[in-house]
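Read off the chains here:
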Amino acid sequence: MNSLEKMIGLLDLFDAGEDTVALTFEELCDNLGYTRSTLYRYLKILTDAGLLTSLPGVGYMLGPRIVELDYKIRTGDVLIRAARPMMEELAARFKAVALLCRRYKFEVLCVHQEAGTDAVRSNYDRGRRRSLLHGAASIAILTYLPDHQFRKFYGLAQDEFQKAGFGGSLPEVKAKFRQHRERGWVSTSGDVTPGVTGVAAPVFDGRSEIIGSLSLTLRDGQIQAKTLDNIAEQVVFCAGVLSKTLARN
């Protein structure tokens with residue numbers, strides 16, 4: 001890696017786990033293997049930029065610039081701004097939690113959430129990354145990955161595909177996901193959060209490439225076959241409107 005890649009890679013340590021909040025200089029040094037002078041230089045640059053901050057006796061943490069950038073994303077992101085009114089309406093109508101997720105490499109990141117009830121809790125909180133293999137919001141994205149990317153991901157996670165029940169070979173897996181594409185939406189029950197059903201539809205960008213998904217999380221007791229179809233129809237419609245909105249921008 002070059003110097004810039006090494007410095008940016010330092011930030012990855014703060015995403016190593018949800019319990020990783022602060023790291024001391026010695027912990028950073030042990031994890032990265034950089035010389036102390038190099039690490040001091042990188043930390044100074046990142047701290048001056050506000051991307052990191054430090055507290056005596058605690059260590060280094062993500063800095064205030066991260067919070068500022070997050071505010072700009074929440075208020076200015078085209079995808080979130082276009083989706084928010086529809087998510088509010090869907091969540092209120094079906095007494096559910098509406099989620100907007102974006103593809104992030106071979107994972108999924110929740111970027112916005114709207115709750116229409118206190119009776120449902122989704123584990124897809126904003127800012128949390130999840131596997132592409134679990135949950136309707138994730139599978140709706142995985143279903144529409146370009147073939148070469150799908151094959152690459154399968155090669156990296158073949159065992160995980162089988163454990164998730166998608167099949168033991170690439171042809172079996174692709175046949176399963178072809179069914180999702182033909183239906184146009186995905187539903188799962190208890191896959192990420194026990195006691196709830198997720199219903200999700202894909203969202204595409206202006207180049208018709210998969211960018212994310214729009215989904216609803218509902219209590220299992222709310223779901224019957226006819227109800228599920230009606231809910232899915234509304235989610236697919238809103239996801240389609242969102243895709244068209246992105247295509248115009």
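Before any of the text, the structure's been laid out above.
Now for a description of the structure that goes with this document. Computed from a predicted model, the values in this text were never measured in an experiment.

### Some points on the overall build of the protein chain
Now for step 1: Counting secondary structure elements, the protein chain contains 10 helices and eight strands.
Now for step 2: By its C-alpha atoms, the protein chain is 65 × 40 × 40 Å across when sized along the principal axes.
Now for step 3: Long-range contacts, defined here as pairs at least 24 residues apart, represent 51% of the contacts in the protein chain between residues at least 6 apart.
Now for step 4: For the protein chain, the computed accessible surface area is about 13500 Å², with 51% contributed by carbon and sulfur atoms.
Now for step 5: Computed over 32 positive and 29 negative side-chain charges, the inter-centroid distance for the protein chain is 5 Å.

### Considering the environment of S54
Now for step 1: Take S54: it is sitting in strand β1 (residues 52-55).
Now for step 2: The exposure class of S54 is partly exposed, given its relative accessible area of 36%.
Now for step 3: Taking the C-alpha atoms as reference points, S54 and Y104, 50 residues apart in sequence, are found 28 Å from one another.
Now for step 4: The residues contacting S54, other than those within four sequence positions of it, are G59 and Y60.

### Let's talk about helix α5 (residues 78-94)
Residues that lie three or four places apart on an α-helix share one face, since the helix turns once every 3.6 residues.
Now for step 1: For α5, spanning 17 residues, the distance from its first C-alpha to its last is 25 Å, which sits close to the expected 24 Å at 1.5 Å a residue.
Now for step 2: The largest bend along α5 measures about 40° and falls at R84, with the proline P85 one to four residues further on.
Now for step 3: In this structure D77 caps α5, since a side-chain oxygen of it lies 2.8 Å from the backbone nitrogen of L79.

### What about the sheet that holds strand β6 (residues 186-189)?
Now for step 1: The strand order across the open sheet built from six strands is β5-β4-β3-β8-β7-β6, with neighbouring strands paired in antiparallel fashion. The open sheet has two edge strands with one neighbour each: β5 (129-131) and β6. With direction set aside, neighbouring strand axes in the sheet form an average angle of 30°.

### A short note on the pairing of strand β7 (residues 196-204)
Now for step 1: The element β7 is largely enclosed, with a buried count of eight among its nine residues.
Now for step 2: Hairpin connection of β6 to β7: six residues between the antiparallel strands, including G190 at a positive phi of 65°.
Now for step 3: Pairing geometry for β7 and strand β8 (residues 210-219), over nine bridges, is antiparallel. Paired with A201 across the strands is L214, a residue of β8.
Now for step 4: In sequence, β7 turns back onto β8 through a hairpin of five residues, with S208 there showing a positive phi of about 65°.

Rules used throughout
- Residues numbered from 1 in each chain as written.
- Predicted model: local features only at pLDDT ≥ 70, side-chain atom pairs only at ≥ 80, totals over all residues.
- Heavy atoms only, no water.
- Helix = DSSP H or I, 4+ residues; strand = E, 2+ residues; numbered from the N terminus.
- Contact = heavy atoms within 4.5 Å.
- Areas by Shrake-Rupley, 256 points an atom, 1.4 Å probe, with all protein chains shown as cover.
- Lys, Arg positive; Asp, Glu negative; His and termini not counted.
- Charge placed at Lys NZ, Arg CZ, Asp CG, Glu CD.
- Buried < 20%, exposed > 50% of the residue type's maximum accessible area, 1.4 Å probe, protein only.
- Expected span 1.5 Å × (residues − 1).
- Bend = angle between axes of the 7 residues up to and from the residue.
- Polar contact = N/O pair within 3.5 Å; in protein donor to acceptor, adjacent residues only side chain to side chain.
- Pairing = 2+ DSSP bridges.
- Axes fitted to C-alpha atoms, helices over the stretch in contact; angles between N-to-C directions.

So yeah, pure geometry; function would need other evidence.
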